Amino acid sequence: MALVDLTARQLTGLDAPGLVEAEPGRFLQPAVAAAYQAMQQAAAADGITLRIASGWRDFSRQQAIFKAKLNGERPVYDAAQQAVTLAGMSLAAKLHAIMLYSALPGASRHHWGTDLDVWDQAAVPADYVLQLSAAEYAPDGPFARLSVWLSQHAGRFGFFRPYRSFRGGVAVEPWHLSYRPLASLYLQQLSLPVLQAAILQSELAEPDEIAAMLPELYQRYICNIDGENDD
Ligand SMILES: [Zn+2]
């Protein structure tokens, strides 16, 4: 598997892995893009127009998102989609609140080029503003059919949904797909020391305090995913 190994810098988004443009502005590893395009064709035959909302993302992008949430410049929501006020919270409480929906920089599966967020363009009007909310993928939401289709077919193309149920870490994200043949390897390679090194060189305030909490965060938010056989 040497050819598909990523370096520590690639695993944490500091360097890009080999990528191709799967859709305009959406980048994935070549094998992942090929599997996605095969799945997209199968979905089209069932009346679903699969589109990528987000593919590969680098460390600095993830860091900007995370910093803005820590600083109160970007809203943080709880599982009921209510805005949470972080001011006055301990650093640990802030991290838990943010990590429900946003990975620590260096810890996003989007850094690997194997993971993507998808939606169905055919299910909504042209001017629809995509939110990537659980309600959109719920049985009465516009992407209910997509969600059922993914449960039935994504596995055939090598994809699974690591956040399809809530396990006490990351919130339910039915839109998030992961390419199992590569991503299962990268999750093993993203060790605690690899992640720690990425956090310590970050521009986050208090990187040492965050690094000290990493063992717990690592177990709860990174390793704690749904199994690789979608239901
Ligand atoms: Zn995602």
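Look up a bit, the structure's there.
Just so it is clear, the model here is predicted, and its values are computed rather than measured.

Caption draft 1: Up close: unusual backbone geometry. Of note, Q81 is a non-glycine position whose phi angle comes to about 65 degrees, a positive value. Tracing the sequence through the fold places Q81 in the loop between α3 (59–70) and α4 (91–99). A positive phi angle, close to 60 degrees, is found at E206, a residue other than glycine. The residue E206 is located in the loop between α8 (192–200) and α9 (207–223) in this model.

Caption draft 2: Spatial organisation of the sheet that holds strand β5 (residues 159–160). Here we have four strands laid out as an open sheet, ordered β3-β4-β6-β5, and antiparallel in their pairing. Looking at strand neighbours, the two that pair on one side only are β3 (50–54) and β5, the edges of this open sheet. Bridging between β3 and strand β4 (residues 115–120) involves four bridges; their strand directions are antiparallel. Paired with S54 across the bridge in β4 is D117. Along the sheet, helix α2 (residues 30–45) contacts β3, β4, β5 and β6 (176–179); its crossing angle with β3, the most-contacted strand, is approximately 140 degrees. Most of the contacts of helix α7 (residues 180–189) go to β6, to which it runs at about 85 degrees, and overall it touches β4, β5 and β6.

Caption draft 3: Broad picture of the pairing of strand β1 (residues 20–23). The pairing of β1 with strand β2 (residues 26–28) spans three bridges and is classified as antiparallel. Following the sheet pairing, V20 is matched in β2 by L28.

Caption draft 4: Summary view of the packing of α8 against α9. Where α8 contacts α9, the two axes come as close as 10 Å, and the packing angle between them is 140 degrees. Compared by their axis directions, α8 and α9 come out oblique. Pair α8 / α9 crosses with right-handed handedness. Across from L192, L195, Q196, I199 and L200 in α8, the residues of α9 making contact are P207, D208, I210, A211, L214, P215, Y218 and I222. The residue inventory of the contact of α8 with α9, partitioned by class, reads eleven nonpolar, one polar and one charged.

Caption draft 5: Molecular detail of the environment of Q63. Within the fold, Q63 resides in helix α3. We classify Q63 as buried; its relative accessible area is 6%. Measuring from C-alpha to C-alpha, the distance between Q63 and E203 comes to 7.7 Å, with 140 residues separating the pair along the chain. With residues up to four places along the chain from it excluded, the contact list for Q63 reads P105, S202, E203 and L204. Separated by 2.7 Å, the side chain of Q63 and the backbone nitrogen of E203 make a polar contact.

Caption draft 6: A look at the layout of surface pockets. Here the largest pocket is characterised by a volume of approximately 1000 Å³. Top contributing element to the lining of the largest pocket by residue count: α3, with four residues. A breakdown of the residues in the lining of the largest pocket according to their chemical character gives 23 nonpolar, eleven polar and eight charged.

About the criteria used
Sequence order as written defines residue numbering, which begins from 1 separately in each chain. With the structure being a predicted model, the display of local features is reserved for residues of pLDDT at least 70 and the display and counting of side-chain atom pairs for 80 or more, all residues being used for whole-chain, interface and lining totals. Hydrogen atoms and water are omitted, and side-chain values are computed over all heavy atoms in the structure. A run of H or I in DSSP counts as a helix once it spans at least four residues, and a run of E counts as a strand once it spans at least two, with each numbered from the N terminus. The pairing criterion for strands is at least two bridges between them, as found by DSSP. A contact between two residues is defined here by any heavy atoms of the two lying within 4.5 Å. Here an angle of 0 to 180 degrees is reported between the N-to-C directions of two axes, which are lines fitted to C-alpha atoms, with helices fitted over the stretch in contact. Any angle that is under 35 degrees is reported as roughly parallel, and any over 145 degrees as roughly antiparallel; angles of 65 to 115 degrees are reported as roughly perpendicular and all others as oblique. Left-handed describes a crossing in which the near helix is turned anticlockwise from the far one by less than a right angle; the clockwise case is right-handed. Classes in brief: Ala, Val, Leu, Ile, Met, Phe, Trp, Tyr, Cys and Pro nonpolar; Asp, Glu, Lys and Arg charged; the others, Gly included, polar. Throughout this description, buried means an accessible area under 20% of the type-specific maximum (1.4 Å probe, protein chains only), exposed means over 50%, and partly exposed covers the range between. Throughout this description, a polar contact denotes any pair of N or O atoms lying within 3.5 Å of each other; where both atoms belong to protein, one of them has to be capable of donating a hydrogen while the other can accept it, and for residues adjacent in sequence the pair is counted only when both atoms sit in side chains. Detection works on a 1 Å grid of protein atoms alone, calling trapped sets that fit a 1.4 Å probe cavities and calling open sets with protein on both sides within 12 Å along at least five of seven lines pockets, with lining residues defined by an atom within 4 Å of a point. Grid points are joined across faces, edges and corners, and a volume is the space filled by probe spheres set on the points.

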